[in-house]
Amino acid sequence: MSDVKKFLYVNRRAPYGTIYALESLEVVLIGAAFEQDVALAFVDDGVFQLTKGQNTDGIGVKNFSPTFRALGDYDVSKLFVERESLEERGLSEDDLIEVMYEDEDDDWAEKPAIHVVSRAEISDVMADADVVLSF
Amino acid sequence: MKIGVLISEGPYTHQAADSAYKFVTAALAAGHEVPRVFFYHDGVNVATRLSVPPQDERHIQQNWTALAKDHGVDLVVCIAAAQRRGMLDANEAERQGKDANNIAEGFRISGLGQLIEMGIQTDRLVTFGD
């Protein structure tokens, strides 16, 4: 279908402290219903959005990190996390939550939706996108 | 060219709503189409009809309202972001049991689907924010 566009959501900020991360996720969840090609990029402090063991009890704000796991159920299978941003913050892939999706082209096999990629690859994903929404 | 605009920062605090206004005005003057502007995050606060800036300052909401009236630009305020921040139209105020509403003429409250739809239907989506 020619009217399918490549949407890229760029998440640049920490999950708490500002509302951008939460309201970005709300856009992604609504956008998933439009049957477009969807990808997410996590760069800079945005990589903290996908870290394990988030606990917001002390700040009186809802912990929305479990919602990322629902993205797999919406057929969102491309969550690109920038390796350099992880390393700059002393993080690795092991610090990230698991987000799985079922690959309909592979007999619905469960596969990880999070892909740790290089800064250069993130750059290619951005160049390839039709619509970039940056939060 | 069809251009969609997203404004994601609040008025007066941030230049986004001003720059977007200048951009849309220039784009229309150059013969482009701007079918819709979408207000998100604190950008929804542009739509309040209760803003009273000093007389020697620009009136951001009135600028946008005039643009909508003169050029038929669809000014859409995200309902989820708006409700968090106390921005209600008459229908929503009634539905939520509130005693007032504050959405200015020319703006309408709607869902995030309108942002996605704008991305699909325009040739470019231009964001004004941080």
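First things first, this report covers the structure right here in the doc.

Rules used throughout
Residues numbered from 1 in each chain as written. Chains lettered and ligands numbered in written order. Predicted model: local features only at pLDDT ≥ 70, side-chain atom pairs only at ≥ 80, totals over all residues. Helix = DSSP H or I, 4+ residues; strand = E, 2+ residues; numbered from the N terminus. Rg over C-alpha atoms; globule rule 2.2 N^0.38 Å. Buried ≥ 20, exposed ≤ 12 C-beta atoms within 10 Å, placed from the backbone. Contact = placed C-beta atoms within 7 Å. Nonpolar A, V, L, I, M, F, W, Y, C, P; charged D, E, K, R; others polar. Pairing = 2+ DSSP bridges. Axes fitted to C-alpha atoms, helices over the stretch in contact; angles between N-to-C directions. Expected span 1.5 Å × (residues − 1). Arc of directions from axis to C-beta.

For chain A, the count of helices and strands is 4 helices and 7 strands. Order of helices (α) and strands (β) in chain A, N terminus to C terminus: β-α-β-α-β-α-β-β-β-α-β. Over its C-alpha trace chain A gives a radius of gyration of 14 Å, about what one expects of a compact globule, namely 14 Å for 135 residues. With the principal axes as the frame, chain A shows a C-alpha extent of 45 × 30 × 25 Å. Residues counted as buried form 34% of the 135 residues belonging to chain A.

With that out of the way, let us pick up the overall build of chain B. Within chain B, the regular secondary structure consists of 5 helices and 5 strands. Along its sequence from the N terminus, chain B presents helices and strands in the succession β-α-β-α-β-α-α-β-α-β. A compact globule built from 130 residues would reach a C-alpha radius of gyration of about 14 Å, and chain B, at 14 Å, matches this within 12%. Referenced to the eigenvectors of the C-alpha coordinate spread, the extents of chain B come out at roughly 45 × 35 × 30 Å. At a minimum sequence separation of 6, the contacts of chain B that also span at least 24 residues come to 75%.

Next up on the list: the interface of chain A and chain B. Opposite the 15 residues of chain A that make contact, chain B presents 13 residues. Elements that contribute at least two residues to the side of chain A that touches chain B include exactly α1 (20-31) and β7 (131-134) of chain A. Sort the elements by how many residues they give to the side of chain A that touches chain B and α1 of chain A lands first, with 6 residues. Partitioned by chemical class, the residues of the side of chain A that touches chain B number 8 nonpolar, 3 polar and 4 charged.

Let's shift gears to unusual backbone geometry. One non-glycine residue, D44 of chain A, adopts positive backbone phi at about 50°. Within the fold, D44 of chain A resides in the loop between β2 (37-42) and α2 (66-70). Classification of D44 of chain A as partly exposed rests on a count of 16 C-beta atoms within 10 Å. Of note in the backbone geometry, Y12 of chain B takes a positive phi value of approximately 70° without being a glycine.

A few words on the sheet that holds strand β1 (residues 6-11) of chain A. Residue and element names in this part refer to chain A. As summarised here, the arrangement of the 5 strands in space is β6-β3-β2-β1-β7, forming an open sheet in which the pairing is parallel. What marks the edges here is a single partner per strand, and that holds for β6 (114-117) and β7. Within the sheet, the average angular offset between the axes of one strand and its neighbour, ignoring direction, is 25°.

All names here are of chain B. As for its position among the elements, F39 is in strand β2 (residues 33-39). For F39, a count of 31 C-beta atoms within 10 Å puts it in the buried group. Along the chain, F39 and I79 lie 40 residues apart, while their C-alpha atoms are 9.6 Å from each other. Beyond its immediate chain neighbours, meaning those up to four positions away, F39 contacts I7, V44, V46, A47, V76, V77 and C78.

What follows deals with helix α2 (residues 60-71) of chain B. Residues and elements named next belong to chain B. In this model, α2 (12 residues) spans 16 Å end to end at C-alpha, consistent with the 16 Å of a helix rising 1.5 Å per residue. Within the sequence span of α2, burial applies to I60, Q61 and W64. Taken end-on, α2 shows its buried residues confined to a sector of 100°, consistent with a single buried face. Away from its buried face by more than 90 degrees, α2 exposes K69 and D70. In the core, the buried residues of α2 are packed alongside α1 (16-29) and β3 (74-78). A positive backbone phi angle near 65° is found at G72, which sits one or two residues after α2.

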